[in-house]
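# Coordinates in review
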Amino acid sequence: PSSMMCSCNYTYVGPALLVLPLFFISLVNLFVAGPPLKTIVLESSGPSYSATLPYLQLHVDGASATFSLQPKDEMTHFFVVTCYASAAKTPLYFDAQVVGKKTAHAAPIALVAASTRPESARNSPMQDTHVLQMLQPLLGYSEYQVDLKALSTGSGIGASVKMKDAPLPSMEFRVTYVPTAFTYTQICVRSFFTFTSACLLLAYALAMCRTNTLLEHGQLWMTALLVLLMALNDPLYVARVLVGGNQLMYTASVLGQIFFSGGLFMFWLVYADGMNSTETTRPFCSFYLPKCSLVFVYVVVSALMFLLHGRVPDRIDVGDAGPDISTSQLELVVVLSASLVGVGVWLSCLVGRAIYRLGWKKVEYIYTEREKSFVGITMVFVILWLCGHLYRAVHGRRGSWMQLQLPFLTLTNSYLALLTHAFWPNEGRGQPHASETEGDRSDSAKEQGLLDDED
């Protein structure tokens, strides 16, 4: 790369380079991708009803109802079946099971079951209506069948009460899924970012091999972050869609995203703390160990949350049909929230102390170009990230998190591209301004951040 690469002042240019891609991807979300979720509503008039769509068939007969779904060319990722029935004098309960078929004539394979019976561990608290809701990820089957049976209380008292079949009353059936138009847009954008991040990683690695100066710690961090960025862009996304869903690939993708977050948090804390340190060495126990411990807690708890409880798409569940959160899940949520708050507060204190110690005007002349780039770009990135989550919390609708995935992905890729530019291997990059040699920084042994071996 030419020596002109370091002339970009990220204090002023960085915000624009982060906002412009967000504006473009928002237009893509609005006019190309379409809504992230689509819902089909069918209303039965009693115990006998049938409905047929090209990819969905519903047949109601007496106490049973059967859904047949063919997701090819219409559904992606998952579907949610919700059944509503008006409350009656006699309690009404539902048993449901989902089975999958590889081919039309293959034997069905049981996937998941749910029940609203009082003794069932899967039951949900009912109020004015009888509601059952099931979420089924697509797992590569060509056809899925949902079998629903209505039950009412029969003879017996207490725990010995027996259930009997009950004719289905007038009901509302809903099928919610991710349409292919939204998924194909995700494929195009994720493929683009996967390609660009791979090219950026290759170019950065070649530049590090060609440089005639000693490699810096910050450049090694950037190499690790670019590798983790590949995982964040989810190169397995296309393969999952093509095969109709795969739980193993999905698990690997989510864990890769968690590891990227952990690596980014670690880089932030180490670099920001290094800006305040006058020591040329970084003792592991006092400098790295506290940061590693905090980030390790975040990564482990996030992974456990996903592996034990999965990811439920936001705002698609029925308000009075959501299962009670378990004590273990609540504990994981508390620990995860505490670790995120800890990272945010620690990083804010480190950056605030670095700016307060010199004043904002002196930051422009005292800190190296890399340090100014890190502070300026990271502040804008965090502010935009928080604004996105605040918008979702205040104005979020059903599927809003899915619709925000591409903006957040674009924001993160733009942020890493700017950081890579700032840390590009080049002789003379990151050196202090001439004013530093005139007495503004008396300790010549201090090289800010992770750049312990710049000279």
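Going by the structure above, here's the rest.
The paragraphs below set out a description of the structure included in this document.

Calculation rules
- Counting starts from 1 at the beginning of each chain's written sequence and moves along it residue by residue.
- Since the coordinates come from a predicted model, pLDDT governs what is reported: local features require at least 70, and pairs of side-chain atoms require 80 or more to be given and counted, while whole-chain, interface and lining totals use all residues.
- With hydrogens and water stripped out, all remaining heavy atoms of the structure feed into the side-chain values.
- Segments assigned H or I by DSSP are reported as helices when at least four residues long, segments assigned E as strands when at least two residues long, and all are numbered from the N terminus.
- Here the term patch refers to residues with relative accessible area over 30% and no salt bridge, with like charges joined within 9 Å and nonpolar side chains (Val, Leu, Ile, Met, Phe, Trp, Tyr) within 5 Å.
- Every accessible area reported is derived by Shrake-Rupley at a probe size of 1.4 Å, with residue values counting cover from the shown protein chains alone.
- A pairing counts as a salt bridge when a side-chain nitrogen of Lys or Arg comes within 4 Å of a carboxyl oxygen of Asp or Glu.
- Working definition: with a 1.4 Å probe on protein chains only, accessible area under 20% of the residue-type maximum means buried, over 50% means exposed, and in between means partly exposed.
- Planes of paired rings set the category: under 30 degrees apart is stacked, over 60 is edge-to-face and the rest tilted, where pairs are Phe, Tyr or Trp rings (Trp by its six-membered ring) whose centres lie within 6.5 Å.

Before going further, it helps to spend a moment on unusual backbone geometry. Of note in the backbone geometry, Asp 73 takes a positive phi value of approximately 70 degrees without being a glycine. Phi is positive for His 77, close to 70 degrees, though the residue is something other than glycine. Examined against the element boundaries, His 77 turns out to sit in strand β5 (residues 75-86).

Attention now moves to a nonpolar patch on the surface. Taken together, the side chains of Phe 23, Leu 27, Leu 30, Phe 31 and Val 32 define a hydrophobic patch exposed on the protein surface, amounting to about 560 Å² of accessible area. Within the fold, Val 32 resides in helix α1 (residues 10-33). Judged by relative accessible area, which is 54%, Val 32 ranks as exposed.

Turning our attention to the pattern of salt bridges. Here the structure, examined in full by the defined rule, presents four salt bridges. The shortest N-O distance in the salt bridge between Lys 38 and Glu 74 comes to 3.6 Å. One end of the pair, Lys 38, is in strand β1 (residues 38-44); the other, Glu 74, is in the loop between β4 (64-69) and β5, with 36 residues separating them in the sequence. A relative accessible area of 17% means that Glu 74 is categorised as buried. The partner of Glu 172 in a salt bridge is Arg 174, with the nearest N and O atoms 2.8 Å apart. Under the relative-accessibility criterion, Glu 172 is labelled buried at 19%. Residue classification places Arg 174 among the partly exposed positions, given a relative accessible area of 31%.

All told, the structure shown has 19 aromatic pairs when counted by the stated rule. When the ring of Phe 67 is compared with that of Phe 173, the centres are 5.6 Å apart and the planes differ by 70 degrees; the resulting orientation is edge-to-face. Residue Phe 67 is located in strand β4, and its partner Phe 173 is located in strand β11 (residues 171-179); the two are separated by 106 residues in the primary sequence. Residue Phe 67 shares its accessibility class with Phe 173, and that shared class is buried. Residues Tyr 250 and Phe 306 carry aromatic rings whose centres are separated by 5.6 Å and whose planes lie at 65 degrees to one another, so their mutual orientation is edge-to-face. Taken as a pair, Tyr 250 in helix α5 (residues 247-275) and Phe 306 in helix α6 (residues 284-309) lie far apart in primary sequence, 56 residues in all.

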